[in-house]
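Results of the structural survey
Next come the chains, spelled out residue by residue.
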Amino acid sequence: MKSVPLCLALACLLITLNPAHSATLANRWSFASDTTDSVGGNTGVLFGDAFVRDGELVLDGAPNGSGADSMGFTTPVDLATNHGISGVTFESWYTDTGSGSWSKLFSFGNGTGGANIIFNIQQGGSGQGRVQYQGMGGEFNFGARPALSEEHYLALTISPEGLVNLYIDGAQIPVVNGATTGDGNDLSTLPSSWERIGASNWGDAGMSGSVNEFRIWDGELSAGEVSQSFALGPDSVVPEPASSLLLGLGSLFLFSMLR
């Protein structure tokens, strides 16, 4: 009879010490053989000469502008409506083989008017990477672009209030201006008229390279979860809260019954 109270006590301790993370996987494009979204059902739509090969979305960077090789979506991702209350996290494993000036791994917003979230592979011809968010103080270079022709891991989180955090290859990138504290542009105000992986609605170069995995989470992954995700790699996902908790409770229950 002592085993059940013990199990309950240990379960409470588990919940207290290991709270579930606040992010839930909303979309996952793994490009195993096509552009299927295995979680959200939002099949990718290919533009230009983009194609899927050997588990990757392949892009050649041409032509410039909205016609560049890229992937859109069957249904609007609509970050404001679907993630404006809880925040959002983008994750991707990608390879840049020499993308041109102002090339973008992804761009969501209105595409031209500054109301966007954009990961620029390089800012102009500077060789610096840049993140742009909503066009009001939320822009920052994050240092030299990661090495060419090597796969890199990106995680970018945005809070409901517009706080941006960036991680590359599992390490958090220091931000040098007001973007770290938000700029008053809530995520719920972001437009959804332009949503694309690999291309810009400006006349900028398209991305040259490939995307192995692209994910969107409802909510913000923590620094620890980002580190864990990087270690797991593109073929595995950080355990969801429910599965982690059930596994822990099941183990505790088995332990208590064997006592």
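Each chain carries its own residue numbering, running from 1 in the written order of its sequence. Only residues with pLDDT of at least 70 get local features here, since the model is predicted, and only at 80 or more are side-chain atom pairs given and counted; chain-wide, interface and lining totals rely on the full set of residues. Side-chain numbers here rest on the full set of heavy atoms in the structure, without hydrogens or water.

So, the overall build of the chain
- Put simply, DSSP H or I for four residues or longer makes a helix, DSSP E for two residues or longer makes a strand, and each gets a number counted from the N terminus. Regarding its fold elements, the chain presents four helices and 15 strands.
- Every one of the 259 residues in the chain was classed for burial, and the buried ones make up 50%.
- A contact between two residues is defined here by any heavy atoms of the two lying within 4.5 Å. Partitioning the contacts of the chain with sequence separation of at least 6, the portion at a separation of at least 24 is 67%.
- Total accessible area on the chain is roughly 11,100 Å²; 58% of this is exposed by carbon and sulfur atoms. Any residue under 20% of the maximum accessible area for its type is buried, any over 50% is exposed, and the rest in between are partly exposed; the area is computed with a 1.4 Å probe on protein chains only. To measure how exposed things are, a 1.4 Å probe is used in the Shrake-Rupley method; for residues, cover is taken only from the protein chains shown.

A closer look at helix 3 (residues 223–232)
- Residues of helix 3 that are buried: E225, V226 and S229. Down the axis of helix 3, the smallest arc covering the buried residues is 100°, so these residues share one side.
- Buried residues belonging to helix 3 abut strand 6 (88–96), strand 11 (151–158), strand 12 (164–168) and strand 15 (208–218).
- Following helix 3 by one or two positions, G233 has its phi on the positive side, about 90°. The directions considered for the arc are those from the helix axis to the C-beta atoms.

Digging into the packing of aromatic side chains
- Only rings of Phe, Tyr and Trp enter the pairing, Trp through its six-membered ring, and a pair is recorded when the two centres are within 6.5 Å. The plane angle decides the type: under 30 degrees is stacked, over 60 is edge-to-face, the rest tilted. The final tally for this structure, using the stated rule, is 12 aromatic pairs.
- Taking the centre distance of 5.1 Å and the plane angle of 50° together, the rings of W29 and F73 count as tilted. Of the two residues, W29 sits in strand 1 (residues 24–29) while F73 sits in strand 5 (residues 70–73), which places them 44 residues apart along the sequence.
- Members of the aromatic cluster, each reached through a chain of ring pairs, are W29, F73, F90, Y94, F106, F108, F119 and F214.
- Put simply, a charge is over a ring when the Lys NZ or the Arg CZ is close to the ring centre, within 6 Å, and near the line of the ring normal, within 35 degrees. We note R196 situated over the ring of F47; from NZ or CZ to the ring centre the distance is 3.8 Å.

Regarding the confidence of the model for the chain
- In the predicted model, the chain carries a mean pLDDT of 83, and 78% of its residues have values of at least 70.
- For every residue, the predictor states its confidence as a pLDDT score lying anywhere from 0 to 100. Per-residue pLDDT stays below 50 along residues 1–21; that stretch engages in 22 contacts with residues further than four places along the chain or on separate chains.
- Of the regions scoring below 50 in pLDDT, residues 242–258 engages in 15 contacts with residues more than four places distant in sequence or in other chains.

A look at the side chain of R196
- Mapped onto the secondary structure, R196 falls in strand 14 (residues 194–197).
- No salt bridge is formed by the buried R196; the nearest opposite charge belongs to E195, separated by 8.6 Å.
- Identification of polar contacts relies on pairs of N or O atoms within 3.5 Å, with a donor-acceptor requirement for protein atoms, meaning one able to donate a hydrogen and the other able to accept it, and with residues adjacent in sequence counted only if both atoms are side-chain atoms. Polar contacts involving the side chain of R196 include one to the main-chain carbonyl oxygen of S66, which spans 3.2 Å.
- A distance of 2.8 Å separates polar atoms of two side chains, one belonging to R196 and the other to S70.
- Those residues in contact with R196, other than ones at most four positions away along the chain, are F47, S66, S70, M71, G72, F73, L105, F106 and S107. For the purpose of counting charges, residues Lys and Arg are taken to be positive, whereas Asp and Glu are taken to be negative. His and the chain ends are not included. The term salt bridge refers to a side-chain nitrogen of Lys or Arg lying within 4 Å of a carboxyl oxygen of Asp or Glu.

Digging into the nonpolar core
- In this text, buried Ala, Val, Leu, Ile, Met, Phe, Trp, Tyr and Cys residues form a nonpolar core when linked through side-chain atoms within 4.5 Å. Grouped together as the largest cluster of nonpolar side chains are 36 residues, with contacts concentrated most on F90, F106, F108, I117 and L166.
- Grouped together as the second largest cluster of nonpolar side chains are 10 residues, W93, A155, W217 and V226 included.

Section: the pattern of salt bridges
- Considering all chains together, one arrives at five salt bridges under this definition.
- Measuring nitrogen to oxygen at the nearest pair gives 3.2 Å for the salt bridge that ties R215 to E91. Linking R215 in strand 15 with E91 in strand 6, this pair joins segments that are 124 residues apart in sequence.
- What makes R215 buried here is its relative accessible area of 0%.
- Among the residues examined, E91 registers a relative accessible area of 0% and is labelled buried.
- Taking the shortest distance from any N to any O, the salt bridge between R215 and E213 comes out at 2.8 Å.
- On the basis of relative accessibility, which here comes to 1%, the residue E213 falls in the buried class.
- Among the ionic contacts, a cluster of salt bridges with common partners joins R28, E91, E213 and R215.

Here's the deal with the pairing of strand 8 (residues 116–120)
- With five of five residues buried, strand 8 lies mostly within the body of the structure.
- Burial of the side chains of strand 8 extends over both faces: N116, I118 and N120 are buried on one face and I117 and F119 on the other.
- Here strand 7 (residues 104–109) hands over to strand 8 after six residues, with G111 in that stretch at a positive phi of 85°.
- At least two DSSP bridges between two strands are required for those strands to pair. With four bridges joining them, strand 8 and strand 9 (residues 128–133) adopt antiparallel strand pairing. The residue of strand 9 that forms the bridge with F119 is V131.

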